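Take a look at the letters that make up each chain.
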Amino acid sequence: MTNPYDLIVVGSGFFGATVAERCARELKIRVLVVEQREHIGGNAWSYTDPDTDIEVHRYGSHLFHCTSADVWAYVNRFSGFSNYRHRVISRHQNSFYTLPMNLGTLSLLYNRFLSPDEARELIAQEAKAAGITHPTNFEEKAISLVGQRMYDALIRGYTQKQWQTDPRELPAEIISRLPVRYDFNDAYFTDRYQGLPLIGYGKLLESMLATPGIETRTHTDYFELQTTLPKGIPTIYTGPIDRYFSYRAGELTWRTLDFERELVDTRDFQGTSVVNYPDLDVNFTRIHEFRHLHPERDYASHRSVIFREYARFATRKDAPYYPIDTRTDKSTYQAYRALAAQEPYVLFGGRLGTYRYLDMHQAIGAALKLYDNTLAPHFTEGRPFKSNSLEATDP
Ligand code: FAD
Ligand code: UDP
């Protein structure tokens, strides 16, 4: 059988779409993109809500931010970007607090104005009172960063719901994703480049895959198609790495999310795009209101669409969202990495293929690197289809 394709890309999220677009456009090769879901785009997919015409992010609000001029220039080829700046509100009991935690959040919580020095001093005292000198888990690290009072109000319950694990059992690194500011800056991200695609994520991803030379098949599980394809076609696999190897070294653990949609009979339900709910007597973690992601669009609908977000452990049937990355997971993943390095014609990439949380810009950056270092040299100079284990796909 002659090869109908030069490259197969499994998964049409930002990693797969970037690889496919680069190879088809620059190398003029024939690329087959295989996607098991009914839509392309992975978890960044968005669509127009039929009742309101509001763009909905199917898997929760996706905020684009990066410091890399190359990644920014790349995404801007497909769409202009708005100047949206993300801010989050946390609703604890009957008050609203600003996230990331800043001087405003602290002053409100302690019910008095705090200068930057006073706030630092207060938090250092609380960490000392809790007896924490060398934080070893999430709870200790969080208290040393934000103090006991803030931890109890905005962190403990949210984390418990989000991870369904006692925060003392979680790794300290997770809290480092949430900045603490000793000023009044309430911007969630400080990256130089930020914004949302003016045409929407769904259309942006469609435009990437509309590049001549790419054939995309949705509703298609790679493992069912595989047996019908000739052997030896170079393949980029962005699905779960444990599934590729039929779970032979064990299962990696993930958290998944459920989203509950509600059409509300008001133009504005909560006044902002994301409100977090840290209290344990509320069983969801956040509410997304998508209208607020695009103030420049001035949506006409008199109704609004919201998603309540619930977190839980993923089973094999669920979409894997966040790697839990326990000690056992780390060693299981190493076993799969060793197997992956021996797999001829297949390179593993993206969030699921490398078992790590990747933001969109990191997935795109890693895919561009894979293209430059491995794919272009392979297809133009005949260099081996090998990336020295998985390093080439690291963001
Ligand atoms: P994915 O987007 O997961 O794409 C992988 C694709 O492979 C999926 O479509 C899947 O169906 C397909 N696939 C898997 N197995 C098979 C198979 N056997 N056959 C065929 N297809 C298969 N990033 C940000 O930058 N900002 C944010 O605000 C942000 N928010 C997020 C919120 C949530 C809840 C989540 C989960 C992620 C968020 N991200 C965010 C990250 C972003 O969604 C993507 O995960 C990231 O762009 C990585 O893309 P990817 O291509 O590696 O993976
Ligand atoms: N977090 C919290 N309260 C919040 C927001 C975040 O306790 O209101 C903690 C929580 O443990 C979370 C971590 O900070 O997992 C990182 O926050 P981020 O929003 O990056 O993570 P995500 O919610 O996407 O896991």
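What counts as what
- All residue numbers refer to position in the chain's written sequence, counted from 1.
- Chains and ligands are labelled by the order in which they are written, letters from A for the one and numbers from 1 for the other.
- With pLDDT at 70 or above as the cut-off, local features in this predicted model cover only qualifying residues; side-chain atom pairs require 80 or more to be listed or tallied, and sums for whole chains, interfaces and linings still use all residues.
- Where side-chain values are given, they derive from all heavy atoms of the structure, hydrogens and water being excluded.
- Per the convention used, a helix needs a DSSP run of H or I reaching at least four residues, while a strand needs a run of E reaching at least two, with both numbered from the N terminus.
- Accessibility here uses a 1.4 Å probe with only protein chains present; expressed as a share of the type maximum, an area under 20% marks a residue as buried, one over 50% as exposed, and anything in between as partly exposed.
- With residues, only the protein chains shown are counted as cover, and all accessible areas are computed by Shrake-Rupley using a 1.4 Å probe.
- Counted as positive: Lys and Arg. Counted as negative: Asp and Glu. His and the chain ends are not counted at all.
- Working definition for charges: the position is that of NZ of Lys, CZ of Arg, CG of Asp or CD of Glu.
- To be near a molecule or strand, a residue needs just one of its heavy atoms within 4 Å of it.
- Pairs of N or O atoms within 3.5 Å make up the polar contacts considered here, provided that, within protein, one atom can donate a hydrogen while the other can accept it, and that residues adjacent in sequence are counted only when both atoms are side-chain atoms.
- Classification used: nonpolar for Ala, Val, Leu, Ile, Met, Phe, Trp, Tyr, Cys and Pro, charged for Asp, Glu, Lys and Arg, polar for all others including Gly.
- For two strands to be treated as a pair, DSSP must find no fewer than two bridges joining them.
- For Phe, Tyr and Trp, rings pair up if their centres lie within 6.5 Å, where Trp contributes its six-membered ring, and each pair is then called stacked (planes under 30 degrees apart), edge-to-face (over 60) or tilted (otherwise).
- Placement of a positive charge over a ring is assigned whenever Lys NZ or Arg CZ falls within 6 Å of the ring centre and within 35 degrees of the normal to the ring plane.
- Residue contacts are defined here by distance: any two heavy atoms, one from each residue, within 4.5 Å place the two residues in contact.
- A pairing counts as a salt bridge when a side-chain nitrogen of Lys or Arg comes within 4 Å of a carboxyl oxygen of Asp or Glu.
- Here is how to tell: hold the view so the strands point away, follow the path from the first strand over the helix to the second, and if it runs clockwise the crossover is right-handed.
- Lines are fitted to the C-alpha atoms to define the axes, a helix being fitted only along its stretch in contact, and any angle between axes, read from their N-to-C directions, falls within 0 to 180 degrees.
- Here the nonpolar core consists of buried residues drawn from Ala, Val, Leu, Ile, Met, Phe, Trp, Tyr and Cys, with membership extended through side-chain atoms lying within 4.5 Å.
- Expected span of a helix, by definition, is 1.5 Å for each gap between consecutive residues, and there is one gap fewer than residues.

(A) The arrangement of the overall build of the chain in detail. The number of helices and strands found in the chain is 12 helices and 16 strands. On the principal axes, the C-alpha backbone points of the chain span a range of 75 × 50 × 35 Å. Split into buried and exposed, the 395 residues of the chain put 56% on the buried side. On the chain, roughly 18,100 Å² of surface is accessible, and the fraction owed to carbon and sulfur atoms is 48%. Separation of charge centres in the chain, based on 45 positive and 49 negative side chains, amounts to 3 Å.

(B) Representation of the site of ligand 1 within the structure. In the vicinity of ligand 1 there are 35 residues, among which Glu 35, His 62, Leu 63, Arg 351 and Met 360 approach most closely. In this structure, an oxygen atom belonging to ligand 1 sits 3.0 Å away from a main-chain N or O atom of Asn 43. In the model, a nitrogen atom of ligand 1 is placed 3.1 Å from a nitrogen or oxygen of the Asp 359 side chain. At the level of elements, α1 (14–27), α8 (222–225), α11 (350–353) and α12 (360–381) are the ones that each hand at least two residues to the shell around ligand 1. Its residues placed into classes, the shell around ligand 1 shows 18 nonpolar, 11 polar and 6 charged.

(C) Local environment of the sheet that holds strand β6 (residues 88–92). Ordered by their spatial adjacency, 7 strands build an open sheet running β7-β6-β12-β13-β14-β11-β15, and the pairing between neighbours is mixed. In this open sheet, the two edge strands, each paired with only one partner strand, are β7 (95–99) and β15 (322–323). Across 5 bridges, β6 lies against β7 in antiparallel orientation. Along β7, the bridge assignment pairs Val 88 with Leu 99.

(D) Looking closely at the packing of aromatic side chains. Under the criterion given, the structure shown has 25 aromatic pairs. Their ring planes at 55 degrees and their centres at 4.9 Å tell us that Trp 72 and Phe 81 sit as a pair that is tilted. Pair check on accessibility: Trp 72 and Phe 81 agree, each one buried. An aromatic cluster is built from Tyr 222, Phe 223, Tyr 237, Tyr 244, Phe 245, Tyr 336 and Phe 348, whose rings are joined through pairwise contacts. Here the guanidinium or amino end of Arg 255 rests over the ring plane of Trp 163, the centre of that ring lying 3.8 Å away.

(E) Spotlight on the site of ligand 2. Lining the immediate environment of ligand 2, one finds 16 residues, of which Thr 159, Gln 162, Trp 163, Arg 177 and Asn 276 sit closest. Taking Thr 159, its side chain carries an N or O atom lying 2.8 Å from an oxygen atom of ligand 2. Between an oxygen atom of ligand 2 and a side-chain N or O atom of Gln 162, the distance comes to 2.7 Å. Notes on ligand 2: free accessible area 500 Å², of which the protein chains cover 94%. The dominant element in the shell around ligand 2, judged by the number of residues it contributes, is helix α6 (residues 148–163), at 6 residues. For the shell around ligand 2, the per-class residue count stands at 10 nonpolar, 3 polar and 3 charged.

(F) Representation of the side chain of Gln 162. Note that Gln 162 resides in helix α6. What Gln 162 contacts, discounting residues up to four positions off in sequence, is Arg 255, Leu 257, Thr 285, Arg 286, Glu 309 and Ala 311.

(G) Seen up close, the pattern of salt bridges. Taken as a whole, this structure holds 21 salt bridges when the rule is applied. A single salt-bridge network, built from bridges that share partners, covers Glu 21, Arg 22, Arg 25 and Glu 26.

(H) Quick peek at the pairing of strand β2 (residues 31–34). Every second residue of β2 is oriented toward a common face, with Val 31 and Val 33 on one face and Leu 32 and Val 34 on the other, all of them buried. Two strands pair when backbone bridges link them, and strand β1 (residues 7–10) and β2 are joined in this way by 4 bridges, in the parallel orientation. Within β2, the residue paired with Val 9 across the bridge is Val 33. Regarding the hand of the β-α-β motif, the stretch spanning β1, α1 and β2 is right-handed. In this sheet, strand β9 (residues 214–217) lies alongside β2 in parallel orientation, the contact comprising 4 bridges.

(I) Molecular detail of the sheet that holds strand β10 (residues 235–237). The strand order across the open sheet formed by 5 strands is β9-β2-β1-β10-β16, and the pairing between neighbours is parallel. Only two strands of the sheet have a single partner each, and these edge strands are β9 and β16 (346–348). Ignoring strand direction, the axes of neighbouring strands in this sheet form an average angle of 20 degrees.

(J) A look at the nonpolar core. One finds Phe 14, Val 19, Val 31, Phe 64 and Ile 236 to be the most contacted residues of the largest nonpolar core, which totals 93 residues. In terms of residue count, the dominant contributor to this core is α12 (10 residues). Apart from the residues lying within four places of it in its own chain, the contact partners of Phe 64 are Val 71, Trp 72, Val 75, Phe 81, Tyr 193, Gln 194, Gly 195, Leu 196, Tyr 201, Met 360, His 361 and Ile 364. Membership of the second largest hydrophobic core comes to 22 residues, among which are Ile 8, Ile 233, Ala 340 and Phe 348.

(K) Inspection of α1 at higher detail. The terminal C-alpha atoms of α1, which comprises 14 residues, lie 19 Å apart, in line with the 20 Å expected from a rise of 1.5 Å per residue. Across the 14 residues that make up α1, a large majority, 12, are buried. Among all positions in α1, only Phe 14, Phe 15, Gly 16, Ala 17, Thr 18, Val 19, Ala 20, Glu 21, Arg 22, Cys 23, Ala 24 and Leu 27 are buried. Phi turns positive one or two residues past the end of α1, at Lys 28, with a value near 55 degrees.

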